[in-house]
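# Fold and geometry: a report
These are the residues of each chain, in order.
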Amino acid sequence: MMGSDNQVFEEAHVYASREEMENLVLDDDNSSSKSFSNYRSATSLSPPILVTPADSDPLLAPPPYRDLRNPNAPDNNGNNQSYIEPPSYADVIFRPFDETNPAVNEINGVESSNQFVDSPHSSTSPVSSTSSDYIKITVSNPQKEQEMSNSLVPGGNTYVTYLITTRTNIPEFNGSEFSVRRRFRDVVTLADRLAESYRGFFIPPRPDKNVVESQVMQKQEFVEQRRVALEKYLRRLAAHLVIRKSDEFKLFLQVQGKLPLPTSTDMASRMLDGAVKLPKQLFGESTALVAPQEVGQPAKGGRDLLRLFKELKQSVSNDWGGSKPPVIEEDKEFLENKERMSDLELQLSNASQQAEALVKAQQDMGETMGELGLAFIKLTKFENEEALYNSQRARAADMKNVATAAVKASRFYRELNAQTVKHLDTLHEYLGLMLAVRSAFTDRSSALLTVQTLLSELSSLQMRAEKLEAASSKIFGGDKSRIRKIEELKETIRVTEDAKSVAINEYERIKENNRTELERLDKERRADFLNMLKGFVVNQVGYAEKIANVWAKVAEETSGYANENS
Amino acid sequence: MINTEQQRSASGSSQSPRSPSSQPYLSVSVTDPVKLGNGVQAYISYRVITKTNFPEYQGPEKIVIRRYSDFVWLRDRLFEKYKGIFIPPLPEKSAVEKFRFSAEFIEMRRQGLDLFVNRIASHPELQQSEDLKTFLQADEETMERLRSQDTGYFKKKPADLMQIFKDVQSKVSDVVLGKEKPVEESNPEYEKLKHYIFELENHLAEAQKHAYRLVKRHRELGESLSDFGKAAKLLGACEGDALGKAFSELGMKSEALSVKLQREAHQLLMNFEEPLKDYVRAVQSIKATIAERANAFRQQCELAETMKLKEINLDKLMLTRSDKVGEAEIEYKELKAESEDSTRRFETIVRLMNEEIVRFQEQKTLDMGIAFHNFSKGQARLASSIADAWRTLLPKLEACSSS
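Everything numeric in this text was worked out from a predicted model, so none of it was measured.

## A word on the overall build of chain A
Within chain A, the regular secondary structure consists of 14 helices and 3 strands. Here chain A holds 566 residues, and the buried ones make up 48% of them. Contacts spanning at least 24 positions in sequence make up 73% of the contacts within chain A whose residues lie at least 6 apart. When the accessible surface of chain A is summed, it comes to about 27900 Å², and 53% of that surface belongs to carbon and sulfur atoms.

## Structural notes on the sheet that holds strand β1 (residues 135-146) of chain A
Residue and element names in this part refer to chain A. The strand order across the open sheet built from 3 strands is β1-β2-β3, with neighbouring strands paired in antiparallel fashion. Across the chains shown, the open sheet's two edge strands, defined by having one partner strand only, are β1 and β3 (177-183). Averaged over all adjacent pairs, the angle separating strand axes in this sheet is 20°, with direction ignored. Bridging between strand β2 (residues 158-168) and β3 involves 7 bridges; their strand directions are antiparallel. In the sheet register, Y162 faces β3, and the bridge partner there is R182. Set on the sheet, helix α8 (residues 247-254) makes contact with β1, β2 and β3; between it and β3 the angle comes to about 90°.

## With respect to the interface of chain A and chain B
Contacts between the two partners involve 67 residues from chain A and, on the opposite side, 68 residues from chain B. Approximately 5900 Å² of surface area, both sides summed, lies buried where chain A meets chain B, with 73% of it carried by carbon and sulfur atoms. At the boundary of chain A and chain B, one finds 8 salt bridges. Applying the counting rule to chain A against chain B returns 15 residue pairs in polar contact (both at pLDDT 80 or more). Mapped by element, the contributors of at least two residues to the side of chain A that touches chain B are α4 (102-107), α11 (329-386), α12 (390-473), α13 (480-557) and α14 (559-565) of chain A. Its residues placed into classes, the side of chain A that touches chain B shows 41 nonpolar, 12 polar and 14 charged.

## Here we look at a negative patch on the surface
Residue and element names in this part refer to chain A. Together, E333, E336, E339 and D343 make up a region of like negative charge exposed at the surface. Of note, E339 is situated in helix α11. E339 sits in the exposed class, given a relative accessible area of 60%.

## Thoughts on the packing of α12(A) against helix α10 (residues 325-391) of chain B
Running from amino to carboxyl end, α12(A) crosses α10(B) at an angle of 15°, the nearest separation of the two axes being 9 Å. Of the possible angle classes, the one that applies to α12(A) and α10(B) is roughly parallel. When you trace α12(A) past α10(B), the crossing you get is left-handed. Between α12(A) and α10(B), the contacting residues are A:S391, A:Q392, A:A394, A:R395, A:D398, A:M399 and A:V402 on the first element and B:Q361, B:E362, B:K364, B:T365, B:M368, B:F372 and B:F375 on the second. In terms of residue class, the contact of α12(A) with α10(B) is built from 6 nonpolar, 4 polar and 4 charged.

## Observations regarding the confidence of the model for chain A
Per-residue pLDDT for chain A has a mean of 73; in total, 61% of the residues score no lower than 70. The low-confidence segment residues 25-130 of chain A (pLDDT under 50) makes 202 contacts with residues lying over four places distant or belonging to another chain.

## So, the sheet that holds strand β2 (residues 43-52) of chain B
Residue and element names in this part refer to chain B. In spatial order, the strands read β1-β2-β3; together these 3 strands make up an open sheet with antiparallel pairing. If you trace the sheet from one side to the other, it starts and ends with β1 (26-36) and β3 (61-67), each paired once. When the angles between neighbouring strand axes are averaged without regard to direction, this sheet yields 20°. Sheet analysis places β2 next to β3, joined by 7 bridges and oriented antiparallel.

## As for the nonpolar core
Considering soluble globular proteins, one finds that nonpolar side chains tend to be buried as a cluster. Of all hydrophobic cores here, the largest spans 114 residues; its most connected members are A:F376, A:W551, B:F272 and B:W390. Ranked by residue count, the leading element in this core is helix α9 (residues 241-319) of chain B, at 21 residues. Once you skip the residues sitting within four places of it in the chain, B:W390 turns out to touch A:F536, A:V537, A:Q540, A:V541, B:L225, B:L250, B:K253, B:S254 and B:L257.

## Some words on the packing of aromatic side chains
Ring pairs (aromatic) are described by centroid distance and by the angle formed between their planes. The full count for this structure, using the stated rule, is 22 aromatic pairs over all chains. Pairing A:F382 with B:Y196 gives two aromatic rings, centres 5.4 Å apart and planes at 5°, and the pair type is stacked. Placement of A:F382 in helix α11 and of B:Y196 in helix α8 (residues 188-239) is noted, with the two residues assigned to different chains. Aromatic side chains B:F272 and B:F375 sit 4.0 Å apart centroid to centroid with 10° between the ring planes, which places their arrangement in the stacked category.

## A few points about α8(B)
Along an α-helix, residues three or four positions apart point the same way, because every turn accommodates 3.6 residues. Taking 1.5 Å of rise per residue, 52 residues should cover 76 Å, and α8(B) covers 75 Å from first to last C-alpha, within 8% of that figure. Backbone nitrogen of B:E189 and a side-chain oxygen of the N-cap are separated by 3.1 Å at the start of α8(B); the cap is B:N187.

## Here's the deal with unusual backbone geometry
Trans is the prevailing form of peptide bonds, just as negative phi is the prevailing case for residues other than glycine. Residue and element names in this part refer to chain B. We note that D32 has phi near 50°; this positive angle belongs to a residue other than glycine. Here D32 is to be found in strand β1. The phi dihedral of D241 falls on the positive side, at around 60°, and the residue is not glycine. Relative to the assigned elements, D241 resides in helix α9. When its relative accessible area of 63% is taken as the criterion, D241 is described as exposed.

## Brief notes about the packing of α12(A) against α13(A)
Helix-helix packing is described using two parameters, namely the angle between the two axes and the distance between the axes. All names here are of chain A. Here α12 crosses α13 at 170°, and the two axes come no closer than 7 Å. It follows from the interaxial angle that α12 and α13 lie roughly antiparallel. Looking at side-chain class alone, the contact of α12 with α13 contains 42 nonpolar, 14 polar and 19 charged residues.

## Quick word on the environment of A:T426
Residues and elements named next belong to chain A. Here T426 shows up in helix α12. Exposure remark for T426: the relative accessible area of 2% places this residue in the buried category. Each C-alpha atom of the pair T426 and D528 lies 7.4 Å from the other, and the pair is 102 residues apart in sequence.

## Some details on the pattern of salt bridges
For the structure on display, the rule yields 59 salt bridges over all chains. The closest approach of N and O atoms between A:K360 and A:D364, which form a salt bridge, is 2.9 Å. With A:K360 and A:D364 both in helix α11, this residue pair falls 4 residues apart, about one helical turn. A residue is classified by how much of its surface remains accessible, and A:D364, at 12% relative accessible area, is buried. The salt bridge partner of A:R494 is A:E491, with a shortest N-O separation of 2.5 Å. Taken as a pair, A:R494 and A:E491 lie in helix α13 at a separation of 3 residues, close to a single helical turn. Relative accessible area serves as the criterion here: at 49%, A:R494 is assigned to the partly exposed category. Its relative accessible area of 39% is what places A:E491 among the partly exposed residues. A single salt-bridge network, built from bridges that share partners, covers A:R340, A:D522, A:R525, A:R526, B:E239 and B:D241.

Criteria and thresholds
Residues numbered from 1 in each chain as written. Chains lettered and ligands numbered in written order. Predicted model: local features only at pLDDT ≥ 70, side-chain atom pairs only at ≥ 80, totals over all residues. Heavy atoms only, no water. Helix = DSSP H or I, 4+ residues; strand = E, 2+ residues; numbered from the N terminus. Buried < 20%, exposed > 50% of the residue type's maximum accessible area, 1.4 Å probe, protein only. Contact = heavy atoms within 4.5 Å. Areas by Shrake-Rupley, 256 points an atom, 1.4 Å probe, with all protein chains shown as cover. Pairing = 2+ DSSP bridges. Axes fitted to C-alpha atoms, helices over the stretch in contact; angles between N-to-C directions. Buried area = accessible area lost by both parts, 1.4 Å probe. Salt bridge = Lys/Arg side-chain N within 4 Å of Asp/Glu carboxyl O. Polar contact = N/O pair within 3.5 Å; in protein donor to acceptor, adjacent residues only side chain to side chain. Nonpolar A, V, L, I, M, F, W, Y, C, P; charged D, E, K, R; others polar. Patch = residues over 30% accessible without salt bridge, like charges linked within 9 Å, V, L, I, M, F, W, Y side chains within 5 Å. Lys, Arg positive; Asp, Glu negative; His and termini not counted. Charge placed at Lys NZ, Arg CZ, Asp CG, Glu CD. Parallel < 35°, antiparallel > 145°, perpendicular 65-115°, else oblique. Left-handed = near helix turned anticlockwise from the far one by under 90°. pLDDT = per-residue confidence, 0-100. Core = buried A, V, L, I, M, F, W, Y, C linked by side-chain atoms within 4.5 Å. Phe/Tyr/Trp six-rings, centres within 6.5 Å; stacked < 30°, edge-to-face > 60°. Expected span 1.5 Å × (residues − 1).

So, in structure tokens, the structure goes:
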């Protein structure tokens, strides 16, 4: 307590700010002073990397905490990170977790059945337990480019493109490694086309369009944020076993130059067509036919304005209990599931919010603890410099112990928090996915609506046909024009019948997609959540133990004071 | 209260509360805060229990009722009479209205007042004080009368006090104030001490500020754990099955830990933040003594100056055989006596301060040692129980994944 190593302690540089604290050189009792890496705030902390077993692919994710057997190993970014305490102590704490606890291995990404979510612990698509399919996508190298043609203003619009690099061994792709340049607009196109082709699937939501001014668009931070978001999105798509093999996705990843998918603006131009057609349709001048192939898509703007009106009418009549849709057993189950998903979304949102608050509280704790430690270091230095009495030196030594412990504890809190962020991120991810679920359910509803519209259309057409036939049968020889009308009507009925079949097929298809996707979502979500819980808990235990030990040491060192009073 | 008794016996005083009756002892406790009065005039009264075998005291036990302003009276009286001694500090006078009667504030104040009286009772000089005896023994009416009579040093001449502080802190302030440079001791050691005290206050105040924030952080973390726990339980209800159970267990653990954090926050406040605040107050009390010493020094110098002048005048009168000599002689003698008194007073202050500073440093090392011990013990205990609580979940989570 008394004999402090003043010389050794001299190395503590006293600074005011947190940055300076991170550079603080603290001495430890039995090792030479080490420098400490910069710890960024929890939100932007890069995962602590470590020495992985020799045979593992360096691209596979590192375990969530360091292998402390080699505390000075540089991480993937070349940062040299070292710990304060001697390795032997840390080994005692973490070895049991690393080696004997199977829970940890699971968290280490060795085995994860996650297909929906980019697991917080892996930077690649995790190895599926059934095949050795492998696909890794990287988004990098943002560059400004000029829009050449179509611009009214000479010099035109500038936009940003990103380099998208894919490495894969999936046979459906031609090749094992390829790169393309894409802009954000292309990603929107991809997302829209996927939504059309894969109705009923839970398609991961794409990053938001940001409505900001062009100046902001080019700011470094914004571009970087977007790059990260794009990478996450593409990786999620790649993790979906069906979508990863879709034409749209393959085209997006492989075809050089312009993206060969119809853009949404092309679709918008169809709107103009539709507007022209509508009056004719309303006046009954052209047959209000819904071409069979078109029922494969929900009624949108464009050519489907009339269809929209009809379906709207239908849904209203549904609501008012007019003609009831054919009730299928499954519907009840679907409604239950829909309810369940809705409830889940609510709870996820709540949990996600509270998780954020928890992370903030942990971060604040770490910061304040660190500031307290710094303040005591300053005090210690001050007392030592001005000491006239031994009692002062003794107090300075005590303060130094407390200060050192506080700074250590502060670092542990911040590391704990960085890990907590990664684990609890799973909540955010699944919350995002709930959007995809809702949209898949909407696909189903609109397909059902199309079917019902066609059914009621069909029944009204048939009624008309019957009326006409009844009327014309009263006139001997028939009314030439009436007979012609009956023929036309019968033709319309035939076409509508075809459309109805197509629509029903589509509806059934979407229902089946919903079902399989729901099954998969439930299974994978359970696995991911369980992993998340384990990771979270293991983390808390590990760091709490370390913090406890740090303080227990100080309590021991100051125990003399307690004894004097008992 | 155990804490303060520990403090008392650790302070190295010649009294210990449990010593055999042959040894002189004086032990005091401040207990049982009770809210009295209504509305704006509401206040807290405390029971002050004195156990002693001092002959001048009504022993062996006497109980009186006192309120905060009585303690202030005692502090002011001691400050006036015992110049040079570091009078133990009082907890702050006022607090935000809402907070004033919160259980936490009342307990902190009670603890502070108990410490205050006990430090006086265990100080070799202060414990002899008549005013202390009055405080500990007089009936409530007498006390009320005395309290309303005395305006108290700290309420008097605040402008003068500020002046003195300024002088001590910067030597140029008087140019700004349009006064001539005041007379000051030219004692390098004393300069060092003054500088030390002023710097120390700054450092301590900063440490105390962070300690207080740390208390708040504990509370905030506790709250967020509680909210998170609730959310986890709701999510678990949604999921059902083994996973639902896992969430539910996590939620419960989270809520349990929240309680532990709130408790630790309170401990931290009482056993770590308060001692730091107490340390700051003690340093402020020393600053007041420093001001007194400056005052005494100035008085001494002024009197010495005046005396010299009077001496010169007297000699002049004696030479001219004026009939004013007799008068002047008497005046001179009086002045000389005053001057000697003043010198004596100043020298007493210097002597006392030298003793006090040694005592102070030793006392503070002990006080802080205890505070550090409690702090680190509390943190270790908290972290341990956090680890234990979460650890019990692991086998359950294991079971979930295998099923």
